[in-house]
Amino acid sequence: MLLNRNVTRMAMTQAVSLGVYLAVKFYLSLSPYTSFIALLMTVFVPLFVLVLQKRACTVVEEDTRITYWFAFRYGVTLFFYATVLLAFSQFVYFKYINPSYLQGVYAETMTVLEPYVTPEMMAELKANGGFSAMQMMFSSLALNSFCGVLISLFTSAVMMAGRR
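Our subject in this report is the structure included herewith. Nothing here was measured: the structure is a model prediction, and the numbers come from that model.

Cut-off values and rules
- Residues numbered from 1 in each chain as written.
- Predicted model: local features only at pLDDT ≥ 70, side-chain atom pairs only at ≥ 80, totals over all residues.
- Heavy atoms only, no water.
- Phe/Tyr/Trp six-rings, centres within 6.5 Å; stacked < 30°, edge-to-face > 60°.
- Helix = DSSP H or I, 4+ residues; strand = E, 2+ residues; numbered from the N terminus.
- Buried < 20%, exposed > 50% of the residue type's maximum accessible area, 1.4 Å probe, protein only.
- Axes fitted to C-alpha atoms, helices over the stretch in contact; angles between N-to-C directions.
- Parallel < 35°, antiparallel > 145°, perpendicular 65-115°, else oblique.
- Contact = heavy atoms within 4.5 Å.
- Nonpolar A, V, L, I, M, F, W, Y, C, P; charged D, E, K, R; others polar.
- Core = buried A, V, L, I, M, F, W, Y, C linked by side-chain atoms within 4.5 Å.

Remarks on the packing of aromatic side chains
Counted by the stated rule, this structure contains 13 aromatic pairs. Summarising the aromatic geometry, the rings of Trp69 and Phe72 are spaced 5.6 Å apart at their centres and angled 90 degrees between planes, so their arrangement reads as edge-to-face. Taken together, the positions of Trp69 and Phe72, both in helix 4 (residues 68-97) and 3 residues apart, correspond to about one turn of that helix. Residue Trp69 is classed as exposed on the basis of its relative accessible area of 58%. Accessibility expressed as a relative area gives 16% for Phe72, which makes it buried. Centre to centre, the rings of Tyr93 and Tyr101 are 5.8 Å apart; their planes meet at 70 degrees, and the pair counts as edge-to-face. The structure contains a cluster of three or more aromatic residues connected by ring pairs, namely Phe26, Tyr27, Tyr93, Phe94 and Tyr101.

Right under this line is the structure:
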């Protein structure tokens, strides 16, 4: 039980660095001039998670044998806490920093979709009104948590293959 509590605490601590990394990547992706840097940062997310997993497992290894599922659980926990920080920063951006951003994206989407849908469908889509900042925060939380599970499957396998 004490090991689980220490691992969770370590995941929360290291999630701050991953959450800041993901938040910086998000803010860089908003500008067309820095979107290439954000794309490069996206490519290095699994490597960053792998480094954090290895660091945590070397600390824990003194006490117990590390298994694949232990590393996977740590990666998922790490990514979940980092995603919470990212979702909060996105909420602040969409709600307070640039509230018109979501409406602009929604208007652009409607312009692109207009030739491909029927007038009834377009009227229904326009009646919907788009996403709120809270809806975007929760969708980002769900999507990034799912991506964290997939990344953790991969990085845990790589980490355990390197240990044999």
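As for the packing of helix 5 (residues 101-113) against helix 6 (residues 119-128)
Packed helices, taken two at a time, are described by the angle between their axes plus the distance between the axes. At a minimum axis distance of 11 Å, the contact between helix 5 and helix 6 shows a crossing angle of 175 degrees. Judged by the inter-axis angle, helix 5 sits roughly antiparallel to helix 6. Between helix 5 and helix 6, the residues in contact are Tyr106, Met110 and Leu113 and Met122, Leu125, Lys126 and Asn128, respectively. Of the residues that constitute the contact of helix 5 with helix 6, the class distribution is 5 nonpolar, 1 polar and 1 charged.

Considerations on the nonpolar core
Formed by 35 residues in total, the largest nonpolar core has its most connected members in Leu18 and Leu22. Counting only elements with at least two residues in this core, the list comes to helix 1 (2-29), helix 3 (45-60), helix 4 and helix 7 (133-163). The leading source of residues in this core is helix 4, at 11 residues. When near neighbours in sequence (up to four residues on either side) are disregarded, Leu22 contacts Val45, Phe79, Ala82 and Leu86.

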